[in-house]
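# An overview of the molecular structure
The primary structure of each chain is shown beneath.
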Amino acid sequence: MNQSKAIIAIKDCSKHFGPVRAVDDISFDIDRGEFFSLLGPSGCGKTTLLRMLAGFEQPSMGNIFIDGQPMAGVPPHHRPTNMVFQNYAIFPHLNVRKNIAYGMRTSGLGRGEINAKVDEMLELIKLPGFGGRAAHQLSGGQRQRVALARALIKKPKVLLLDEPLGALDKKLREEMQLELRLLQRSVGITFVFVTHDQEEALTMSDRIAVMSMGKVLQIETPTRLYEMPNCREVAGFIGSMNFFDGRVSSAAGEAATIDAGPIGQVRGVANGRLKVNKGDAITVAIRPEKINLSNEQPNVGHNVVEGKLGPSTYLGDRSYFYVNVVGLAKPIAVASQNADRATGQHRADQKVWLTWREESVVLLDR
Amino acid sequence: MANKAIAASAARAAPRPASGVSAFFLKHEWARGYTLLSPTLGVMIIAMCVPVFMLTAHSFWTQNYLTIDKTFTFANYVQFWEKEIYFKLLVKSIKISAIVTFTTVVLAYPMAYFMAFKVKKNKLVWLILITVPFWTSFLLRVFAWKIILGFNGVINSGLISLGLIQEPLEFLLYNPTAVIITLAHAWAAFVILPIYVSLEKIDRSLLEAATDLGDGPVSRFLRVTLPLSMPGVIAACLFVFIPTVGDYVTPKLVGGTEGIMIGNIIQSQFGKANNWPLGSALSIYMVFGITLCVLGFLLVARLITKGGSLKAS
Amino acid sequence: MSIVASKAAKSAAHVHVPSSIMEGRPYGGLFFYAVFYLSFIYIPVLFLPLFSFNDSIYIAFPLKGFTTKWYGEMAASNGLIEALKNSLKVGTAVCIISTIFGVLAAKAMTRYRFPAKGPITGLIMLPFVVPGIILGIALLILTYSMGMELSLFTIAVSHVLLAVPFSMLVLISRMEGFDKNLEEASLDLGEGPWRTFWQVTFPLTLPGIVASLLLCFSVSFDEFILAFFLSGNEATLPIYIWSQLRFPSKLPSVLALGACIFVFSCVLVTFSEWLRRRGVQVKTASSV
Ligand SMILES: Nc1ncnc2c1ncn2[C@@H]1O[C@H](COP(=O)(O)OP(=O)(O)OP(=O)(O)O)[C@@H](O)[C@H]1O
Ligand SMILES: [Mg+2]
């Protein structure tokens, strides 16, 4: 067996539905044992990509390799992948036990062994004794677990999950996020997880591929994705972000000073992807929580801007302030942790100063 | 979480790529679709398209006593215009069908409306009640009217035994009216369903919106419900009109000589008169007549709906 | 109606007064119309059983007395038994064959994307609207051109033509009624297309399949217009009835036969309608 690092290799893959390019020339690898998420807005082609991995759709162009094997012409039932469907697709005419055992007929195991395995799975998904239940007697969360068990019992090389938590309520969803993550660690199977919920992707994944309109924008670990997005779209999709247009006034290696008009001189460090040269038009991006809000004028010449406090939103653990700056069309968003009891010491129209650190600045292509 | 159930490195047989033909089917969804469809489509083509094509071919041939002369000719088509009876019968058949269509649709609309809007519980029961007669024997439904309208039939004997009349009424059976009544009855179930479906599909909040905007029940019906149910009404009209033009059973049983229709003439060409080519040509004329009427009807329907929506806007 | 009135009606709806702007009175004029309409549909047909129990050779009022002798006469007729056997043969063959075609077509229509789906559906639905006489004579011509004899086979072919559209519609709405992910899940779990069909598609479509079998059978069992052109020496029941209509003395037993057929069809159809409309009322209704 090929023991390279990548379990899935996607090479120049496209899928067209008539004029629609659901997946548009994508190439990347997914590593063995990884919890890999596909994140993107609705209609960006996540499901289509997943269905190509499962074999329900054939790429219009390009190739998919799973564990070194080319998948072209391999039907779904011969692929070493299993899927948890968005609506779970629990067979309504079979009970829980038969649902879970469904894929075992081809395993060549005897009836007794299969039964034992099903019992183990029921134990694993914390539904022991539910084997005799009919599909319609299960709650959403239980169906989700059965779907999971049904796929895992097959010991797939890759488990594909299409928004498996989408139909659950918030609390159950958070529980399941944790459970899924633990489960993945313990079984060591590669998970490819589709979601349009950025928080979910951030909390669960080893790596995330951000998709938009059939393309992959960035593939990164959650931390790096959040801290160092590589384009405006990713930066805007993951968390919230303040964007300013500017022009590089001086550049020395990675570090650069940008003349960003209304907010003055901004010093930042380009993260290696972007080559900054003097005179380049670029975008400066700063996360709201990296901005410090103060009532007194700080004594620095750069990374500071004066503004007037606009509306604010109180979110319990933190507050959002919107600061109007002369010359900026949109107010700057500032998030501050309510470490002390919020006192409402900030009044609207109050004069404030915003500061931020050099390392917090993200420089992006315009 | 310990689990022996799922060992990390899953051992499975290496996937085997499908070979030529199956790879082709796997790759092309349309190929799978067409393959599944091909038996059905094949039967439809062999048992419908081919025969209709041969029917057309026949219409250009001539009957030579017991054999068929296969030289191409328009003789049958010309003959249609030489004896005016054919044209008259075609027009009469179309007229009868049009009346039947109009009657059934007007009668069925309130019924469909009732089922769609008023029936809350037991909708299924009403639906089944309406549908069942439609599946039962057409011949028997027509035959029932023969015994109802006959000279010694249900109505006449009933009225006589009640002492209301002395002599049986002769005008009941064997005329176009009898044909119309019978057909209107026989096709009743057929028109309700399309209308019912189109009414059922109407978003109830549209009606609430109309009321909220100040429409009374009548103007709400005329401005919202009726226009939105037009597709169903049009479908219902076609469902009844097209097949009834060619009916030969009803005229034969209850129409008498007065109520005869084009279908009877065509049928006799394939029976006693034994002139298949002429019969084929007549049926082509009939299809042509039906098509013209349907196109005209659809055109008018479109104009009316457009005009209606302009007025409403 | 003024806005105020409608508001009043809405608030009335809040307190669950059974009348609101949409419903009107549940048993208003329309209800009586509906009852009248149903009577119009059913009463004429009910004369068949009524007079089949009347102790008189004439079908006329006043009724003479109750008898079942016409049923006895009917049952004693050889021609009828033969016709019944023929109808059963044709009906069974037709319902099985049409349903197989229907399943294939419905599966293709609901599960695959391919070009020209609309026109193809239209073509398969055509027998639905084409006047029966056209199909009848066209098939008659084909039969003769191929040098074949008219027989039960030719009748069956024509009935398959009529029944396939019904079967396909019933099965399409059934197959649309369950998620195609279920079939994909089965493939995903390692079962091939063939086993997936038998393990998932078939059991989930079963009510539709049974409904289709029953409907196709009754389409064939009651069909006269095409059979009239395409029957050879062996008659089906409707053809037999037609041949008996010429003899007034046979009328009462024809009525008895008609009553039996009517009851039989009603039972068959009610059952199949109940089967296929359960749960998916509107959706299924759109298919007829
Ligand atoms: N079978 C299909 N036929 C035609 N177009 C399709 C088909 N499946 C998907 N598409 C199109 O491809 C694009 C991507 O669809 P896809 O389902 O992959 O999006 P998604 O990222 O999964 O979105 P969501 O989050 O809403 O599930 C969409 O524009 C969709 O309309
Ligand atoms: Mg999706």
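Worth saying up front: this structure is predicted, and the values here are computed from it rather than measured.

Time to look at the interface of chain B and chain C. Taken together, the contacts link 98 residues of chain B with 94 residues of chain C. Run the count over chain B and chain C and you get one salt bridge. A salt bridge links E29 of chain B to R113 of chain C; the shortest N-O distance between them is 2.5 Å. Here chain B is connected to chain C by nine residue pairs in polar contact (both at pLDDT 80 or more). Per element, the largest residue contribution to the side of chain B that touches chain C is 23 residues, and it comes from helix 2 (residues 29-59) of chain B.

The next thing to look at is the site of ligand 1. Near ligand 1, the surroundings consist of F17, V20, A22, S42, G43, C44, G45, K46, T47, T48 and E163 of chain A together with R113 of chain C. At the site occupied by ligand 1, the surrounding residues belong to chains A and C. The separation between an oxygen atom of ligand 1 and a polar main-chain atom of C44 of chain A is 3.2 Å. Protein chains shield 64% of the accessible area of ligand 1, which is 630 Å² for the free molecule. Residue assignment for the shell around ligand 1 shows that the elements contributing at least two residues are strand 2 (20-31) and helix 1 (46-54) of chain A. Ranked by the residues each element gives to the shell around ligand 1, the list is headed by helix 1 of chain A, at three residues. Taken together, the residues of the shell around ligand 1 break down into four nonpolar, five polar and three charged.

Another point: the domain arrangement of chain A. Residue and element names in this part refer to chain A. Here chain A is partitioned into domain 1 (6-235) and domain 2 (240-296 + 304-365). Each of domain 1 and domain 2 has a C-alpha centre, and these two points are 38 Å apart. Contact with domain 1, which involves eleven residues of that partner, is made by eleven residues of domain 2. The junction of domain 1 with domain 2 conceals about 990 Å² of combined surface from both sides, 48% of it contributed by carbon and sulfur atoms. It is Y226, R232 and A235 that lose the most area in domain 1 upon contact with domain 2, and together they represent 54% of the buried surface on that side. Remark: the boundary between domain 1 and domain 2 carries two salt bridges. For the salt bridge of K290 with E227, the shortest nitrogen-to-oxygen distance reads 2.8 Å.

Residue and element names in this part refer to chain A. One open sheet holds the four strands; their spatial order is 2-1-4-5, and the pairing between them is antiparallel. The open sheet has two edge strands, strand 2 and strand 5 (69-70), and neither has a second partner. Strand direction decides the pairing type here: strand 4 (residues 61-66) and strand 5, joined by two bridges, are antiparallel. Paired with F65 across the two strands is P70, which belongs to strand 5. Together, strand 1 (6-17), strand 2 and strand 4 form the strand contacts of helix 1, whose direction differs from that of strand 1 by roughly 120°.

Rules used in this analysis
- Residues numbered from 1 in each chain as written.
- Chains lettered and ligands numbered in written order.
- Predicted model: local features only at pLDDT ≥ 70, side-chain atom pairs only at ≥ 80, totals over all residues.
- Heavy atoms only, no water.
- Contact = heavy atoms within 4.5 Å.
- Salt bridge = Lys/Arg side-chain N within 4 Å of Asp/Glu carboxyl O.
- Polar contact = N/O pair within 3.5 Å; in protein donor to acceptor, adjacent residues only side chain to side chain.
- Helix = DSSP H or I, 4+ residues; strand = E, 2+ residues; numbered from the N terminus.
- Near = heavy atom within 4 Å.
- Areas by Shrake-Rupley, 256 points an atom, 1.4 Å probe, with all protein chains shown as cover.
- Nonpolar A, V, L, I, M, F, W, Y, C, P; charged D, E, K, R; others polar.
- Domains from an automatic or database assignment.
- Buried area = accessible area lost by both parts, 1.4 Å probe.
- Pairing = 2+ DSSP bridges.
- Axes fitted to C-alpha atoms, helices over the stretch in contact; angles between N-to-C directions.

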